[in-house]
Amino acid sequence: RDWSEDTYAPHGKACINTLLPFRVAAAFPVDADGGLVGMQVSLYQTRNGKTCEAAVKITSYAHMPELTRALAAGMTLVVSYWRSDNMLWLDGNGPDSTGLCSQDNGKCGADARLFNFSIERLD
């Protein structure tokens, strides 16, 4: 909901064309004591020799201490690829009417390829 149709959409005019492969990076920066101070997800796509980035960053979340403890305890990456005719709760217009989707089309691509996963410490 933080991106416009010009940023993230299934067409060639968008920075991230969801019909083509793109890279995803998730970061969880911490303070000197190891406490989580934010979360950032960045999407990257290179087309015609130019790389475009779309990023969203959360730095004020009331439950950072609880999330810090959960991350410290260990988590498992889970990826799900599915469709539903009832997804407007996730990507619909929302109560503020700023979301991109006003109706569900219930379509998914024939497949999804997920590869080159890595976990790195960023210092």
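Details of the structure are given in the entry above.
Basis of the calculations
- Every residue gets a number counted from 1 within its own chain, in the order that chain's sequence is written.
- In view of the model being predicted, local features appear only for residues whose pLDDT reaches at least 70, and side-chain atom pairs are presented and counted only at 80 or more, with totals across whole chains, interfaces and linings using the full set of residues.
- Remark: hydrogens and water are excluded; side-chain values derive from all non-hydrogen atoms of the structure.
- Under the scheme used here, helices are H or I runs from DSSP no shorter than 4 residues and strands are E runs no shorter than 2 residues, and both carry numbers assigned from the N terminus.
- Each residue's exposure class comes from its accessible area (1.4 Å probe, protein chains only) as a fraction of the maximum for that residue type: buried when under 20%, exposed when over 50%, partly exposed otherwise.
- We call two residues in contact when some of their heavy atoms are within 4.5 Å.
- Contacts described as polar in this section are N or O atom pairs within 3.5 Å, which, within protein, must combine one atom able to donate a hydrogen with one able to accept it, while residues neighboring in sequence count only if both atoms come from side chains.
- Pairs of strands are assigned from DSSP output, requiring at least two bridges between the strands.
- Among buried residues, those of type Ala, Val, Leu, Ile, Met, Phe, Trp, Tyr and Cys that are joined through side-chain atoms within 4.5 Å constitute a nonpolar core.

K.L.:
Could you give an account of the environment of Ser-102, with specific residues and numbers?
P.N.:
Mapped onto the fold, Ser-102 is located in the segment after helix H2 (88-91). Classification of Ser-102 by relative accessible area gives exposed; the value is 55%. Expressed as a C-alpha distance, the spacing of Ser-102 and Gly-92, which sit ten residues apart in the sequence, is 5.6 Å. Each residue touching Ser-102, except ones within four places of it in the same chain, is listed here: Leu-88 and Asn-93.

K.L.:
Lay out the side chain of Gln-45 with the relevant residues and their values.
P.N.:
Among the secondary structure elements, Gln-45 is positioned in strand E4 (residues 39-47). What makes Gln-45 buried here is its relative accessible area of 3%. Within the structure, Gln-45 has its side chain in polar contact with the backbone oxygen of Leu-20 (distance 3.4 Å). Polar contacts involving the side chain of Gln-45 include one to the main-chain carbonyl oxygen of Pro-21, which spans 2.9 Å. In this view, Gln-45 contacts Cys-15, Ile-16, Asn-17, Leu-20, Pro-21, Phe-22, Lys-50, Thr-51 and Cys-52; residues no more than four positions away in its chain are not counted.

K.L.:
Requested: an account of the pairing of E4, with residues and values cited.
P.N.:
Of the pairings in the sheet, the one linking strand E3 (residues 23-27) to E4 comprises five bridges and is antiparallel in character. Looking across to E4, one finds that Ala-26 is bridged to Val-41. Of the pairings in the sheet, the one linking E4 to strand E5 (residues 50-58) comprises nine bridges and is antiparallel in character. Residue pairing in the sheet places Gln-45 in a bridge with Cys-52 of E5. The loop that links E4 with its antiparallel partner E5 comprises two residues; one of these, Asn-48, has a positive phi angle of about 55°.

K.L.:
Summarise the nonpolar core; cite the residues concerned and give the values.
P.N.:
Grouped together as the largest cluster of nonpolar side chains are five residues: Trp-3, Cys-15, Ile-16, Leu-43 and Ala-54. Leave out the neighbours within four places in its chain, and Leu-43 touches Trp-3, Tyr-8, Ile-16, Phe-22, Arg-23, Val-24, Cys-52, Glu-53 and Ala-54.

K.L.:
So what about unusual backbone geometry? Which residues, and what values?
P.N.:
In the Ramachandran plot, Asn-48 falls in the positive-phi region, its phi being about 55° despite a non-glycine side chain. Within the secondary structure layout, Asn-48 lies in the loop between E4 and E5. A positive phi angle, near 60°, is found at Asn-116, a position not held by glycine. You can see Asn-116 is positioned in the segment after H2.

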